[in-house]
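# Coordinate analysis (summary)
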Amino acid sequence: MSAAFLRNKAAVLGLGLLAAIVAMAILAPVLYPDDPLDMVGTPFLWPGQDPSFPLGTDSLGRDVAAGIAHGARVSLLIGLWATVLGLALGVSIGAIGGYFGGWLDDVALRAVELFQTVPPFLLVIVLVAIWEPSIRNITLAIGLVSWPPVMRLTRAEFRSFREKDFVTAARGLGFGHGRIILREILPNALPPIVVTSSVMVATAILMESALSFLGLGDANRVSWGSMIGNGREVLRAAWFLTAVPGAMIVVAVLALNLVSDGLNEALNPRLGRS
Amino acid sequence: MALLDVHDLTVAFPSVTAVAGLSFSVHESETLALVGESGSGKSLTALALMGLVPRPGRVSGAVHFGGQDLLALPEARMRQLRGRDIAMIFQEPMTSLNPVLTIGRQIAETLRLHEGLSARAARLRAIELLDLVRIADPGRQVDSHAHRLSGGMRQRVMIAMAIACNPRVLIADEPTTALDVTIQAQVLDLLDRLRRDLGMALILITHDLGVVGQWADRVVVMYAGRKVEEADPIGLLRRPLHPYSRGLLGASPRLQARAHYRLGRLAEIPGSMASALGQAGCPFAPRCDVRQDKCDSVAPALREMGEARLVACPVAA
């Protein structure tokens, strides 16, 4: 499986880009120990104009490079935890509904439909507006709206696997429902879930950026989205203030999608393993 | 004293009664064969003994085992028994193993569940079990996935899983139907040896009368969910009494005279089991060649005919 993934050049490129962004996020406090929101230089320095600010400064004289590095932390953190939350909800509810069927499945389906009738981004905005906009609350809100597709996927997998002979055989050996769900079916259902989760991270990063762009992000933390939002006001005078963080979002989302495609090919036996 | 005593077992679905008032018993270290064509209720009988009849099937009657009625046990208690005291081997070795787990882990899982072994001890025991079911190089194969194994090897792994906790009753539901003829004999020999070595009772479900003749101690012939004849296998093969048993035997190819289709047609039983639906009297009457008028109205009771022989046919003699 890992060999199949590594043969895929696009996937390896995606993984490399992702690793670079993760390294940047990890090293941000080392490279830029000061608060990226501090005003440290002359406003509107273009990239390359001053060697100490390689990506320039914004309208308040804040270092863009420091913002990008610290923004990566916020984006990845939110992307990761929102996905973990979405996966936890979606997989557990989908597994229970799909495996047991009956009224449990009905309840699970109604719950998912409740979420699917509301546009997810709208729900995030409402939730963040009700709670205070902190990193934790934004993560919670994004996680809460991202579980329905995972739930449907997991449910479909469990519905087909629960009819398999090896599940009947496992019951014949005295395995309980919990053991069958976790040890017998889940490992089989995992590949499509893994593939989906990398796209979920990308979606969460986009949602956070959009929130910050609208000014609903955490005001005390710099993020790529908030940098674009601030740069928008001076778009004609200093377009690089929106272009640089915008490019970072593109690269991060692209990397995650490439990884997802690579995983899909490596994990999906129907696409041919060799 | 029978080890497992099935009394008046009935498995009913909304549209059809798949097993109707079936009674039989199995003694320690005995091989009992359940014979009948597809749809005669053999597999559902096995699932009923295991407490695994799928919804919306309803099971009634009694299954006495070790001083308790299995059908009256709560699910949690039944779950402890399954795999430990009563185990089952399924028909399809190709799909009965989990494709993403190594066979060692699947065997070990049972041991950890029922015997509380540590991961290390369970793995060692799994290797022993693979050796016991005659899998070559068990120390290496224990880490194989099912797709690396042949059908015969997979069925051996299934057997290893089933006997892992030394069950007292082993149910084998057509264990060799999906296998090559040469492998069939090996697997049945293995089951027979394990039955003797471990002192298990074996319930062998099959439609192959050759298997019955060679490996069974007693045979129950089923038709449309009912027991139509019970006999010792040699008696049954020499002189089947129920017209259905006679028909089954006549429909089995034999190597002697007129086996090839150019030399003579294989006998068949006319009609299909579907004709038993809604039949008030004997379920076999619509296909029977010695049918009498009363067969359509009176359901035949089991009659004792000779030693340990029961036949549900008033005409048979």
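The structure reproduced in this document is the subject of the present report. Note that this is a predicted model, so its numbers are computed, not measured. (Residues numbered from 1 in each chain as written. Chains lettered and ligands numbered in written order. Predicted model: local features only at pLDDT ≥ 70, side-chain atom pairs only at ≥ 80, totals over all residues. Heavy atoms only, no water.)

### Let's talk about the overall build of chain A
The helix and strand tally for chain A stands at 11 helices and 0 strands. Put simply, chain A runs from its N terminus to its C terminus through helices and strands in the order α-α-α-α-α-α-α-α-α-α-α. By principal-axis analysis of the C-alpha atoms, chain A measures approximately 75 × 45 × 30 Å. For chain A, the proportion of contacts with a sequence separation of at least 24, taken over those separated by at least 6, is 72%. Accessible surface, chain A as shown: approximately 13,100 Å² in total, 67% of it carbon and sulfur. (Helix = DSSP H or I, 4+ residues; strand = E, 2+ residues; numbered from the N terminus. Contact = heavy atoms within 4.5 Å. Areas by Shrake-Rupley, 256 points an atom, 1.4 Å probe, with all protein chains shown as cover.)

### Remarks on the packing of helix 9 (residues 177-213) of chain A against helix 11 (residues 240-267) of chain A
A pair of packed helices is characterised by two quantities: the angle between their axes and the separation of those axes. Residues and elements named next belong to chain A. At a minimum axis distance of 8 Å, the contact between helix 9 and helix 11 shows a crossing angle of 170°. Put simply, helix 9 runs roughly antiparallel to helix 11. Contact with helix 9, carried on its side by Pro191, Val194, Val195, Ser198, Val199, Val201, Ala202, Ile205, Leu206 and Ser209, involves Ile249, Val253, Leu256, Asn257, Ser260, Leu263, Asn264 and Leu267 of helix 11 and no other residues of that element. The residue inventory of the contact of helix 9 with helix 11, partitioned by class, reads 13 nonpolar, 5 polar and no charged. (Axes fitted to C-alpha atoms, helices over the stretch in contact; angles between N-to-C directions. Parallel < 35°, antiparallel > 145°, perpendicular 65-115°, else oblique. Nonpolar A, V, L, I, M, F, W, Y, C, P; charged D, E, K, R; others polar.)

### A closer look at the packing of helix 3 (residues 64-100) of chain A against helix 9 of chain A
All names here are of chain A. At a minimum axis separation of 7 Å, helix 3 and helix 9 run at an interaxial angle of 145°. Two packed elements cross with a definite hand, and for helix 3 against helix 9 that hand is right-handed. The class makeup of the residues in the contact of helix 3 with helix 9 is 19 nonpolar, 6 polar and 1 charged. (Left-handed = near helix turned anticlockwise from the far one by under 90°.)

### Notes on the interface of chain B and chain A
Contacts between the two partners involve 25 residues from chain B and, on the opposite side, 17 residues from chain A. Across the interface of chain B and chain A, roughly 1,800 Å² is buried in total on both sides, 55% from carbon and sulfur atoms. Contact with chain A buries surface across chain B, with Arg79, Glu109 and Leu113 of chain B losing the most and accounting together for 27% of the total. Inspection of the region where chain B meets chain A yields 2 salt bridges. Across the pair Arg179 of chain A and Glu109 of chain B runs a salt bridge, and its minimum N-O distance is 2.7 Å. At the surface where chain B touches chain A, the tally comes to 8 residue pairs in polar contact (both at pLDDT 80 or more). (Buried area = accessible area lost by both parts, 1.4 Å probe. Salt bridge = Lys/Arg side-chain N within 4 Å of Asp/Glu carboxyl O. Polar contact = N/O pair within 3.5 Å; in protein donor to acceptor, adjacent residues only side chain to side chain.)

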